[in-house]
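Okay, here's what each chain looks like letter by letter:
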Amino acid sequence: MFHIYCPYCEELREEEEFHPKGQAHIERPKDPEACSDEEWGDYLFFRDNPRGIHHELWVHAVGCRKFFNITRNTVTYDILETYKMGEQPRVTAESLASQQTQGNVQVASGGQQTVGASSAAAEAIKGEQA
Amino acid sequence: MSKSLKQPNRLREGGRIDRSRKLSFTFNGQRYQGHAGDTLASALLANGVDIVNRSFKYSRPRGIVAAGAEEPNALVQLGSSEAAQVPNVRATQQALFEGLVARSTNGWPSVQRDLMGMVGKLSGSLMPPGFYYKTFMAPASMWMTYEKYIRKGAGLGRSPMEPDPDIYDHLHQHCDLLVVGAGPAGLAAALTAARSGARVILCDEQEEMGGSLLDSRELLDHQPAAQWAARVLEELAGLDNVTLLARTTANGYHDHHFVTLHERRTEHLGETAAVKGGYRPARSRMHRVRAGQVILATGAHERPLVYANNDVPGNLLAGAVSTYIRRYGVVPGNKLVLSTSNDHAYRAALDWQDAGREVVAIVDARLSPSGDLVEQARERGIRIIEGSAVLEAKGGSRVSAARVAAIDIGAFKVTGQAETLACDTIASSGGYSPVIHLASHTGARPTWNEEILGFVPGLVKGVHAAGSAHGVHDLGEGLADGVAVAARALEALGVSARAVELPQVDARREGLACALYQVPHEKPTLRAPKQFVDLQNDVTAAAIEIATREGFESIEHVKRYTAMGFGTDQGKLGNINGMAIAARCLGRSIPEVGTTVFRPNYTPVTFGAIAGRHCRELFDPERYTALHQWHVEHGAEFEDVGQWKRPWYFPQTVNGKQETMHEAVARECLAVREKVGILDASTLGKIDIQGPDAREFLNRVYTNKWLKLEVGRVRYGLMCKDDGMLMDDGTTSCLGENHFLMTTTTGGAAGVLEWLELWHQTEWPELQVYFTSVTDHWATMTVTGPEARKLLAEVTDIDLARDQFKFMDWREGTVAGVPARVFRISFTGELAYEINVQANYAMHVWKTLFEHGDKYGLTPYGTETMHVLRAEKGFIIAGQDSDGSVTPEDLGMQWAVGYDKPFSWIGKRSLSRSDTRRSDRKQLVGLKPKDPTVVLEEGAQIVFDPEHAIPMPMVGHVTSSYYSPTLGGGFALAVVKGGHQRMGETVYLPMADGKTHAAEIVGTIFYDPKGERQNV
């Protein structure tokens, strides 16, 4: 169960107080009528399903009722930041990738069913990701 | 030392039991005696009970193997009464109490003379590896047959058939540092953190804290190690910043350092918690801990060696033998053969000899072992057979001998002539596997450490391992490790660690262990007697070999194919051996093969502890309207609508007989159509919307137009998602230029509020508008029927004249002397007034209406009548007649769609998608059964051609269907492909009973199509 920092309440609260609302930063087209069926369909139905960094919209449903965004690692479930509506994430897959090449941050490689492979195998998987 | 008479294996002295307190207990109907401080397992061993169960698959007799959570065999069913039944308790973890009643979970009719045993060989050949997999591939009907057979044979325990008399609590805890395990490393870590001022929780699953210190042969500060443990625990108990939780298992490690601890409060005292002073204490507690940092000092499980017939009672773990002798004063046999790959296990032989029993031999797989413990054994003159191992145990219901021979581990071969040693106990040790379960729950990968021949836990940020849990098995090093790890955790917390003086440990020389898992046999594995890997699931080395031969190369596949590590065991004892065997068969190394995933819970948790107080009336809250008590007093039957209890219908007693629902609903319907009825509509969702942009906001979230709605007027609106599908409907009233009251469906209230907030906060934050739920603040009473105006006129100061208070108007005034808002909207098709008053005035108003209503035939009606009446009018219920795939156009409600509104409101663009423009979409129509006595089944599938070969193309289904007393027959609403163009056509509804109903497609309005009755 997640421990989520509500950027409005400025407190860590239990996941039970929140509802997830899917991928963040999905902007409704300004002029829907000008969209082709395909463009409109993309907006309605297509979402990312990344392995790693994901920006998600959540709502503090039984708290302050405010919507906000979470940057979460879908592999480790680490929440890297939460930020208010209208703000941009500080942590992104790109920003982490550039840090990784500098050797600062280790991107966890988990999520597979079989764990305990040798460190060499783990390195190989990391190599695939990179 | 010699035997006590009643308990043949009990030593006269020693152990941590209280000899002054005798406890009697019953196992499989037989009465025995033990002592306070015993576990059920130690008491059974003291009494010389060899067979405690029959095995899962082969029905072989099984005895106690271990002394803790890793015990695979001694699963018992506890409870003297039906309500107190607890399945699958490990006898090694159950403290003995007076009057304890336990049975083997398996063994039919008894473990001693097991009928299943006779078919054991048969069932064994019936259940080869991959049995489950292969059976699931077979027809499902065969599985049903197998399943009964397996259940009966396997006896996985059973649930109580009566309610649990006990109560269970949930506690929410926060701490800086959670230390799991109160052995040497855990105690050292907790002491360091506690003295440094951190808030610490220390938990330990055993009856007594101290872990291996409780049965250690080693001295700390020249005193028994248990004394140091007692001193530390005493200090910790006196500190305000420390919470000690004994008998508390950390069962699950969840996200973000959320750990569930299961504390058993009374299970060591009796089968149910004893009532004291009219108060029943909680039987157990679930601590839901959020920790800043976590130290896993969970120790290690000893690995047994895998040799032939290693499951015969009398085969034990070496460490368990020491524990039973030193902690419980029980020596589980007379003549011991120890088979080991390491020095540490020599303790078992030394303890055995100290207990005055014979050590036949120590069989060491290593050549020239030389550690201090080995030297001690040599000095005592114990025979040590080097480079050898026990190949096979002999005996049926108890070990009678061990066959021992020299082996070549690398070549996996027996190299010497086997010697048979008469004995009744074989203790084995193949090394120590760190208990990595909790760390694995976090998803972190364990890694193989060749030095300690075990997996060490992978650790996510904030989690630390200490002591044996990451392979630091030496006592002195483990203590130091606890302090060092605590210092690291404290640093992460920003707390400066205070130094802790550690007790002095005598230096000990320990030889290197060798890597031995499966012991070779003269015969190949597939032909040798069974060599068990997972005792609980009856998985043998041969089964793993077969699995690899059949092409299962991934350890996860091998697990599923053989069932290794399944069930309550979760691979505690057998997993590493199984992996080692798979690795040998596949010609790979253990780290290449990897380990399977351990999942919560570490040991089984009773459902009561998971449910806590969230049961019975607290399972799910019930919501009552302000008028609930009146409904109860007037005999209402209730219907659940979301969490609300709504009156369903009000059966009356007619001629001494209570009406059926059908009769009551018919009477209520006619009362509304002919006189006047009243409905408690308080559960409708109500959202107060205010702000200068409220009107614009409504215009965007509803499909229809709102800009010109005047103060005092009401409008019905449809709400779609942006995919154009109907989400909810309701009326919204203009209370003031910047003030509206929206109603939603009863079930949709919370969702609609969140929906409005979503659009406001994420897309249109520039709009100034505010939403407040006022559902509970207002009670709503619908007075409807031809006499409604006359009745209401008697109790209100509002001018009800037809031209003054028109249909779809609302007015403010008083009703029964109470401030009220009255809305002239109709869900019945009759003249109707919805009276809203402050909820706490509702009962007064309701009763006043009845005082005046008698002469008009005022009749209370419930949701069923409401449904019939609205369906007769073709009024939809969102969520019943629509299901998330239905557009307003599919419902034929184009009249409520503002196609020319300037803002592209939510859902508009989707109505022109190619999919929503299809002419063969399912569309809402009315259905009139050809036989008027037929009431179609809701959900029934519709076909065009009943003569079509099966499977017939299904073209729609019935969404609402009722008997109408007004129409004198059944009628229905349904969705039918292209239905709007099929008026007058006949469709068919094939039913499960073989009958096929015919119905005509008609319009959705069955009654008063022009809407004159609501407009009078």
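Because the structure is a prediction, the values reported are computed rather than measured.

Trainee: Would you take a moment to explain the overall build of chain B for this structure?
Mentor: A tally of regular secondary structure across chain B gives 24 helices and 52 strands. Each principal axis of the C-alpha atoms in chain B carries an extent, and together these give about 115 × 70 × 60 Å. Scored against the burial criterion, the 1016 residues of chain B give a buried share of 59%. Sequence separation of 24 or more characterises 66% of the internal contacts of chain B that already satisfy a separation of 6 or more. Of the side-chain charges in chain B, 108 are positive and 118 negative, and the distance between the mean point of each set is 4 Å.

Trainee: Please clarify how the interface of chain A and chain B should be interpreted in this entry.
Mentor: One widely used convention gives an interface's size as the accessible area the parts lose upon coming together. Contact with chain A, which involves 39 residues of that partner, is made by 42 residues of chain B. Summed over the shared surface of chain A and chain B, the result is six salt bridges. The partner of R909(B) in a salt bridge is D37(A), and the shortest N-O contact between them spans 2.7 Å. The interface formed by chain A and chain B holds 23 residue pairs in polar contact (both at pLDDT 80 or more) in total. Listing elements by their share of the side of chain A that touches chain B, those giving two or more residues are β3 (19-23), α1 (37-45) and β4 (53-59) of chain A. The leading source of residues in the side of chain A that touches chain B is α1(A), at five residues. Its residues assigned to classes, the side of chain A that touches chain B comprises 19 nonpolar, ten polar and ten charged.

Trainee: I'm lost on empty space enclosed by the protein in this one. Help?
Mentor: Here the idea is plain: a probe the size of a water molecule rolls over the atoms and shows the empty space left. Residues and elements named next belong to chain B. The tally for this structure, following the rule as stated, stands at eight cavities of 30 Å³ or more. Reported here for the largest cavity is a volume of approximately 100 Å³. In this structure, the largest cavity is lined by 14 residues; those nearest its centre are V65, P304, L305, N310 and L535. Of the residues assigned to the lining of the largest cavity, the class counts are ten nonpolar, four polar and no charged.

Trainee: Explanation requested: the nonpolar core in the structure shown.
Mentor: Proteins that are soluble and globular tend to have nonpolar side chains buried together. All names here are of chain B. F25, F27, L40, Y324 and I362 are the most contacted members of the largest nonpolar core, which totals 61 residues. If near-sequence neighbours (up to four positions away) are discounted, I362 is found in contact with L338, T340, Y346, A349, A377, I382, R383, I384 and I385. One finds V200, M209, V483 and A486 within the second-largest nonpolar core, a separate group that totals 35 residues.

Trainee: Even after reading the chapter, I still don't get the side chain of S960(B), so can you show me in this structure?
Mentor: Residue and element names in this part refer to chain B. Within the secondary structure, S960 sits in strand β49 (residues 956-964). Of note is the side chain of S960, whose polar atom sits 2.6 Å from the side chain of D881. S960 has contacts with R870, Q880, D881, E938, F971, A972 and L973, leaving out every residue within four places of it along the chain.

Trainee: Is there a simple way to think about the packing of aromatic side chains in this case?
Mentor: Aromatic ring pairs are described here by two measures, namely the spacing of the ring centres and the angle between the planes. Residue and element names in this part refer to chain B. The final tally for this structure, using the stated rule, is 26 aromatic pairs over all chains. Connected via pairs of aromatic rings, a cluster forms that spans F697, W755, W759, W764, F771 and F903. Sitting above the plane of the Y58 ring, K530 keeps its charged end 4.6 Å from the centroid. Taking the ring centre of F412 as reference, the NZ or CZ of R584 above it sits at 3.9 Å.

Trainee: Even after reading the chapter, I still don't get the sheet that holds β4(A), so can you show me in this structure?
Mentor: The strands making up a sheet are joined through hydrogen bonds of the backbone, oriented either antiparallel or parallel. The strand order β3-β4-β5-β6 (chain A) describes an open sheet built from four strands, whose pairing is antiparallel. Each having just a single partner strand, β3 and β6 (79-84) of chain A make up the two edges of the open sheet. Across the sheet, the mean angle separating the axes of adjacent strands is 30° when strand polarity is ignored. Summarising the sheet, β4(A) and strand β5 (residues 67-73) of chain A pair through seven bridges and their orientation is antiparallel. Directly across from V59(A), in β5(A), lies its bridge partner F67(A). Sheet strands touched by helix α21 (residues 749-762) of chain B: β3, β4 and β5 of chain A. Its angle to β5(A), the strand with the most contacts, is close to 85°.

Trainee: What am I meant to see in the packing of helix α13 (residues 541-549) of chain B against helix α15 (residues 575-586) of chain B here?
Mentor: When two helices pack together, you describe them by how their axes are tilted relative to each other and by the distance separating the axes. Residues and elements named next belong to chain B. Between α13 and α15, the least distance of the axes is 9 Å, while the angle of their chain directions is 45°. By the angle between their directions, the pair α13 and α15 is classed as oblique. You can see that α13 and α15 cross each other, and the crossing is right-handed. Taken together, the residues of α15 that come into contact with α13 (itself represented by A541, I544, E545 and T548) are G578, I581, A582, R584, C585 and L586. Looking at the contact of α13 with α15 residue by residue, the classes come out as six nonpolar, two polar and two charged.

Trainee: Can you help me understand the sheet that holds strand β18 (residues 335-340) of chain B in this one?
Mentor: All names here are of chain B. Taken in spatial order, the five strands make up an open sheet running β17-β25-β18-β19-β20, and their pairing is parallel. If you trace the sheet from one side to the other, it starts and ends with β17 (315-317) and β20 (384-386), each paired once. Geometrically, the sheet is characterised by an average inter-axis angle of 20° between neighbouring strands, direction not taken into account. Pairing geometry for β18 and strand β25 (residues 425-429), over five bridges, is parallel. Bridge assignment links L336 to a residue of β25, and that residue is T425. Strand contacts of helix α8 (residues 318-328): β17, β18 and β25, with the helix running at about 85° to β17, the strand carrying the most contacts.

Trainee: Would you mind showing me how to read the pattern of salt bridges here?
Mentor: All names here are of chain B. One pass over the structure, following the stated rule, counts 67 salt bridges over all chains. Put simply, E208 and R16 hold a salt bridge, and the shortest N to O gap is 2.5 Å. Of this pair, E208 sits in the loop between β9 (200-203) and β10 (219-220) while R16 sits in the segment before β1 (18-27), and the two are 192 residues apart along the sequence. On the basis of relative accessibility, which here comes to 28%, the residue E208 falls in the partly exposed class. The class for R16 is partly exposed, based on a relative accessible area of 37%. A salt bridge links R378 to E386; the shortest N-O distance between them is 2.8 Å. The partly exposed category is assigned to E386, whose relative accessible area is 30%. Overlapping salt bridges bring together R217, R326, D351, D354 and R380 as one network.

Trainee: Looking at this structure, I do not really get the packing of helix α9 (residues 346-354) of chain B against helix α10 (residues 372-379) of chain B. What am I missing?
Mentor: All names here are of chain B. Viewed as axis vectors pointing N to C, α9 and α10 meet at an angle of 35°, and their least axial separation amounts to 9 Å. With respect to the hand of their crossing, α9 and α10 are arranged in left-handed fashion. Of α10, the residues touching α9 (which contributes Y346, R347 and L350) are L373, V374, Q376 and A377.

Trainee: Whenever I open this one, α1(A) confuses me. Can you help?
Mentor: Because each turn of an α-helix spans 3.6 residues, side chains separated by three or four positions end up pointing in the same direction. Turning to α1(A), its buried residues are W40(A), G41(A), Y43(A) and L44(A). The arc enclosing the buried residues of α1(A), seen along the axis, measures out at 160°, which places them on a common side. Turning to α1(A), the residues buried within the fold contact α21 of chain B.

Trainee: I tried to follow the pairing of strand β36 (residues 677-680) of chain B on my own but got confused; where do I start?
Mentor: Residues in a regular strand project their side chains so that they alternate between the two faces of the sheet. Residue and element names in this part refer to chain B. The two faces of β36 match: G677 and L679 on one face and I678 and D680 on the other face are all buried. As paired strands, β36 and strand β42 (residues 778-784) are joined by four bridges and run antiparallel to one another. Bridging across to β42, D680 finds its partner in M781. One ladder, built from two bridges, connects β36 with strand β46 (residues 859-860); its direction is parallel. Bridge pairing in β46 places I678 opposite P860.

Trainee: Which parts of the structure should I look at to understand the environment of R509(B)?
Mentor: Residues and elements named next belong to chain B. Along the chain, R509 turns up in the loop between α12 (475-493) and β30 (532-534). Overall, the relative accessible area of 46% leaves R509 in the partly exposed class. Sequence separation between R509 and R21 is 488 residues, and the spatial gap between their C-alpha atoms is 40 Å. The contact partners of R509, leaving out residues within four places of it in the chain, are D343, S370, G371, D372 and E375. Of note is the side chain of R509, whose polar atom sits 3.0 Å from the backbone oxygen of S370.

Trainee: So what exactly am I meant to see when it comes to the confidence of the model for chain A here?
Mentor: Note that predicted coordinates carrying low pLDDT should not be read in detail. Here chain A averages 82 in pLDDT, and 76% of its residues register 70 or above. Of the regions scoring below 50 in pLDDT, residues 103-130 of chain A engages in 51 contacts with residues more than four places distant in sequence or in other chains.

Trainee: Would you mind showing me how to read the environment of K645(B) here?
Mentor: Residue and element names in this part refer to chain B. Inspection of the secondary structure puts K645 in strand β33 (residues 644-649). Linking K645 and M727, residues 82 residues apart in sequence, is a C-alpha distance of 23 Å. In this view, K645 contacts E622, R623, Y624, H628, F638, E639 and D640; residues no more than four positions away in its chain are not counted. Polar contacts involving the side chain of K645 include one to the side chain of D640, which spans 2.5 Å.

Definitions and limits used
One numbering rule holds for all chains: residues counted from 1, following each sequence as written. All chains are assigned letters beginning at A, and all ligands numbers beginning at 1, according to the order in which they are written. Where local features are concerned, this predicted model is filtered to residues with pLDDT of at least 70; where side-chain atom pairs are given and counted, the filter is 80 or more; whole-chain, interface and lining totals use all residues. Side-chain calculation: all heavy atoms of the structure are included, whereas hydrogens and water are not. By the criteria applied, helices consist of DSSP H or I runs no shorter than four residues and strands consist of E runs no shorter than two, each listed in order from the N terminus. Residue burial is assigned from relative accessible area. The probe radius is 1.4 Å, only protein chains are included, and a residue is buried under 20% of its type maximum, exposed over 50%, and partly exposed in between. For this analysis, residues touch if any pair of their heavy atoms sits within 4.5 Å. His is not counted, nor are the chain ends; Lys and Arg add positive charge and Asp and Glu add negative charge. Taken as the charge centre is NZ of Lys, CZ of Arg, CG of Asp or CD of Glu, depending on the residue. The salt bridge criterion pairs a side-chain nitrogen of Lys or Arg with a carboxyl oxygen of Asp or Glu, the two atoms within 4 Å. Counted as a polar contact is a pair of N or O atoms within 3.5 Å, where, for protein atoms, one must be capable of donating a hydrogen and the other of accepting one, and residues adjacent in sequence contribute only when both atoms are in side chains. Three classes are used, and their members are as follows: Ala, Val, Leu, Ile, Met, Phe, Trp, Tyr, Cys and Pro are nonpolar, Asp, Glu, Lys and Arg are charged, and the others, Gly among them, are polar. Think of a 1 Å grid over just the protein atoms. A cavity is a set of points where a 1.4 Å probe fits yet cannot get out, a pocket is an open set with protein on both sides within 12 Å along at least five of seven lines, and lining residues have an atom within 4 Å of a point. Grid points are joined across faces, edges and corners, and a volume is the space filled by probe spheres set on the points. What we call a nonpolar core is a set of buried Ala, Val, Leu, Ile, Met, Phe, Trp, Tyr and Cys residues that are connected through their side-chain atoms within 4.5 Å. Pairing of aromatic side chains requires ring centres within 6.5 Å, counting the rings of Phe and Tyr and the six-membered ring of Trp. Pairs whose planes differ by under 30 degrees are stacked, by over 60 edge-to-face, and all others tilted. A positively charged side chain is recorded as over a ring if its NZ (Lys) or CZ (Arg) lies within 6 Å of the ring centre. The angle to the ring normal must also be within 35 degrees. Criterion used throughout: strands pair if DSSP finds at least two bridges between them. Only the stretch in contact is used when fitting a helix axis, every axis being a line fitted to C-alpha atoms; angles between N-to-C directions are given from 0 to 180 degrees. Note on angle classes: values under 35 degrees are labelled roughly parallel, values over 145 roughly antiparallel, values of 65 to 115 roughly perpendicular, and the remainder oblique. Definitions for this section: a left-handed crossing has its near helix turned counterclockwise from the far helix by less than a right angle. A right-handed crossing has that turn clockwise. Directions pointing from the helix axis toward each C-beta atom define the arc. pLDDT is a per-residue confidence score from the predictor, ranging from 0 to 100.

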